[in-house]
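Now for the letters of each chain:
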There are 2 protein chains.
Amino acid sequence: MKIAKKDSINKKITLTDVADLAGVSAITVSRVINQPEKVSDALRTQVQKAIDSLGYIPNQHASSLASSRSRVIGVAIPSLSNIVFTDVLRGIYEVMGQAGYKVLLVDTHYSPLEEERMIRTLLSQSPEGLIITGGDQTKACQQFLQKARIPIVQIMELLPDPIDMNVGFSHTKAGYDVTAHLLAQGYERIGFIGARMDPRVQQRMQGYKSALEQAGKYEKNYIATTPEPSSVCAGGELFKSVMALTNGTLDAIFCANDDLALGALFEAQRMNINVPKDLAICGFNDTEAAAYVNPSLTSVYVGRYEMGVKAAEMIIRVLEEHDIESKHVDMGYIIRERASTQRLA
Amino acid sequence: MKIAKKDSINKKITLTDVADLAGVSAITVSRVINQPEKVSDALRTQVQKAIDSLGYIPNQHASSLASSRSRVIGVAIPSLSNIVFTDVLRGIYEVMGQAGYKVLLVDTHYSPLEEERMIRTLLSQSPEGLIITGGDQTKACQQFLQKARIPIVQIMELLPDPIDMNVGFSHTKAGYDVTAHLLAQGYERIGFIGARMDPRVQQRMQGYKSALEQAGKYEKNYIATTPEPSSVCAGGELFKSVMALTNGTLDAIFCANDDLALGALFEAQRMNINVPKDLAICGFNDTEAAAYVNPSLTSVYVGRYEMGVKAAEMIIRVLEEHDIESKHVDMGYIIRERASTQRLA
DNA sequence: TTGTATGCGTTATCAG
DNA sequence: CTGATAACGCATACAA
């Protein structure tokens, strides 16, 4: 037995309901919502009244199906607990929100396999564009990414062979530059600590190595890393490890990010090691705490929010069939010199 | 003129394409995907082969439309740059991901009006459940939230009159307890600094006030706040303000969160104020940096990840028509006493 | 400016 | 276990 067509309590309100109430056809209601300028003032207000009084909310699924426009952008990031990605996300949300796109976000947990599954999920929502992290996708993933035929931006790092568009900066170069800077400051025994060891951290470490090797100052035991996530605590532990490994002979440490750097600094203070007199500490990402701690930490600024904005804008421009200046954008970075790497005369 | 039906390059692959290739009907393919146990082994593998070879990805919009099950959960949080919310998010994503739900996330920028708009957006995606922050919704928003007839969890705070379900803790009580603790430690002139001043910070401040008033130690100029976002920097500034206001007579400060507390601590160090000898500092949220800085900061632990998990689980239980123990859950909190509020003998 | 017919890709319902 | 048919709610194409 069917329930009464109109007044049944649970029934969701549809375009047709609104049309009936307003005494127009469904398509007119549709127009009032999507192209109001194509409807006469009289009808428009009349329909709008019906919409309001019924509390009508359009069904996006039906809309997407009919129009093959989902207004959804998929975003895949490796972690929600890393400020690096949430900053980028903010930029993406800002731009996409303004432009009327919904963001469907997935967390890949730094795993290409998980990423493949998650991107499948994204694709099943018929996103009009995709923003994904790095270039570490599985073969299978790359394949259906190609087939998707939608604009895709790979963010965070500079990729040699992007799937489509690319916004990021060179972590290798940044690692190199930081180390070179430390060398230029007169530091000679420069250690490195890193955690998680995702591709980008590896690249920074590679840059560090190159710089030291080039200067003839590279030593294997200058490095301590862990596959565990980054944290202040891990920074302290890694710091102790590398100091032990080197019998405390290091005079500088390059930390793969600011959390580690804070941990190293706090631990150094507990060990009564004077920073920067006895030891220089350099972080990465230029987070707020690093800038305000005593002594303030030298770090590497990266325009993360701006990177998110840029990626989002590129997608939108392509979707609106505008040209884009370039499919590959280097956001660069800036080494922020602070007290922690400044020898006291 | 129509393009060739099958091989046209841009055509997306549909259920029918797979059915044709496998030599079965569309509904069988649908079953292979959604209820594999209802299809014979032979057909199932045959269909699966077709799916793989075509790289078929189901269209969720069509599926949602036909089944009125979207497998989407909407989440609204006030900010993406506050670790408090990203921690909760992690919990939500973890559980929802496992259970096969997509999460549609929106950022309300701490604005009820924006929240109303954003929740409209969420609703247009026919989510099966909603997780929203706090109880500060507009009247209009509350109304269509009611009409949505889906499970809704309001998180972060304990609400007197929740729309549906509620998971959180009492910020008022927490603020009170922290202050009482400080009093019990023998501190007498206890200041408060807060930023953003969203409802939850206001509640903490209210608790602080109550405790001081009750002890007869409340003074208006013990308080410095700003509507600006919280940050380490803001913490330093507010600290300077409140110290100026009170001519440096405070012997303790309760900071509305750990960022502010770190800022206050760093600033105190620069001013050569000894913490905790001259001044106690207490934070809120028990973040990692607060626990590892020197001296370690007393703070209030809150199970944020667990709160996200709980909220997600409640939604899922309701959706799967299980009973839930209670619609209202108090997650509680724990005051973590550390060096920053311990007078040296 | 407004309306009619049709189809988007999938699933519910009911038959076989 | 498998299939035919009719929705789901909306937008496109075309007509009026």
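Quick caveat, the model's predicted, so the values are computed rather than measured.

Q: Could you clarify how one ought to interpret the overall build of chain A in this entry?
A: The number of helices and strands found in chain A is 13 helices and 12 strands. Taken over C-alpha atoms, the radius of gyration comes to 26 Å for chain A, far larger than the 20 Å a tight globule of 345 residues would show. The dimensions of chain A, computed from C-alpha atoms along their principal axes, are 85 × 40 × 40 Å. A total of 345 residues make up chain A; the buried ones form 53% of that total. Long-range pairs, those at least 24 residues apart, make up 68% of the contacts in chain A with a sequence separation of at least 6. For chain A, the accessible area works out to roughly 15,400 Å², and carbon and sulfur atoms hold 50% of it. Averaging the coordinates of the 36 positive side-chain charges in chain A and doing the same for the 39 negative ones gives two points 5 Å apart.

Q: Even after reading the chapter, I still don't get the packing of aromatic side chains, so can you show me in this structure?
A: In this description, an aromatic ring pair is defined by two values, namely the gap between the centres and the angle between the planes. All names here are of chain B. Taken as a whole, this structure holds 12 aromatic pairs over all chains when the rule is applied. Measuring from centroid to centroid gives 6.3 Å for phenylalanine 169 and phenylalanine 284, while their planes differ by 20°, and the two rings are stacked. Of this pair, phenylalanine 169 sits in strand S5 (residues 165–169) while phenylalanine 284 sits in the loop between strand S9 (280–282) and helix H12 (288–292), placing them 115 residues apart in sequence. In terms of burial, phenylalanine 169 and phenylalanine 284 fall into one category: buried.

Q: Explanation requested: unusual backbone geometry in the structure shown.
A: A negative phi holds for most residues other than glycine; trans holds for most peptide bonds. Each neighbour pair has its own omega, and for valine 275 of chain B with proline 276 of chain B the value is 10°, a cis peptide bond. With respect to the secondary-structure elements, proline 276 of chain B resides in the loop between helix H11 (258–270) and S9. Here the bond from asparagine 294 of chain B into proline 295 of chain B is cis, since omega is -10°, no more than 30 degrees from zero. Within the secondary structure, proline 295 of chain B is located in the loop between H12 and strand S10 (299–301). Of note in this structure, aspartate 286 of chain A is not a glycine but carries a positive phi near 50°. For aspartate 286 of chain A, a relative accessible area of 15% gives the class buried. Here serine 126 of chain B, not a glycine, exhibits a phi torsion of approximately 45°, which is positive.

Q: Would you explain the protein's contact with DNA strand C in this entry?
A: Neighbouring DNA strand C are 23 residues; Thr28 and Ser40 of chain A together with Leu15, Ser30 and Tyr56 of chain B lie closest to it. Backbone atoms, meaning sugar and phosphate, make up 66% of the atoms of DNA strand C lying within 4 Å of the protein. The side chain of arginine 31 of chain A places a nitrogen or oxygen atom 2.6 Å from a base oxygen of DNA strand C. A distance of 3.2 Å is found between a phosphate oxygen of DNA strand C and a backbone nitrogen or oxygen belonging to asparagine 59 of chain B. When contributions to the surface near DNA strand C are tallied by element, the ones reaching two or more residues are helix H2 (26–34) and helix H4 (60–67) of chain A together with helix H2 (26–34) and helix H4 (60–67) of chain B. Counting residues per element, the surface near DNA strand C draws most heavily on H4 of chain B, at 4 residues. Within the surface near DNA strand C, the residues separate by chemical class into 12 nonpolar, 9 polar and 2 charged.

Conventions adopted
- Residues numbered from 1 in each chain as written.
- Chains lettered and ligands numbered in written order.
- Predicted model: local features only at pLDDT ≥ 70, side-chain atom pairs only at ≥ 80, totals over all residues.
- Heavy atoms only, no water.
- Helix = DSSP H or I, 4+ residues; strand = E, 2+ residues; numbered from the N terminus.
- Rg over C-alpha atoms; globule rule 2.2 N^0.38 Å.
- Buried < 20%, exposed > 50% of the residue type's maximum accessible area, 1.4 Å probe, protein only.
- Contact = heavy atoms within 4.5 Å.
- Areas by Shrake-Rupley, 256 points an atom, 1.4 Å probe, with all protein chains shown as cover.
- Lys, Arg positive; Asp, Glu negative; His and termini not counted.
- Charge placed at Lys NZ, Arg CZ, Asp CG, Glu CD.
- Phe/Tyr/Trp six-rings, centres within 6.5 Å; stacked < 30°, edge-to-face > 60°.
- Near = heavy atom within 4 Å.
- Polar contact = N/O pair within 3.5 Å; in protein donor to acceptor, adjacent residues only side chain to side chain.
- Nonpolar A, V, L, I, M, F, W, Y, C, P; charged D, E, K, R; others polar.

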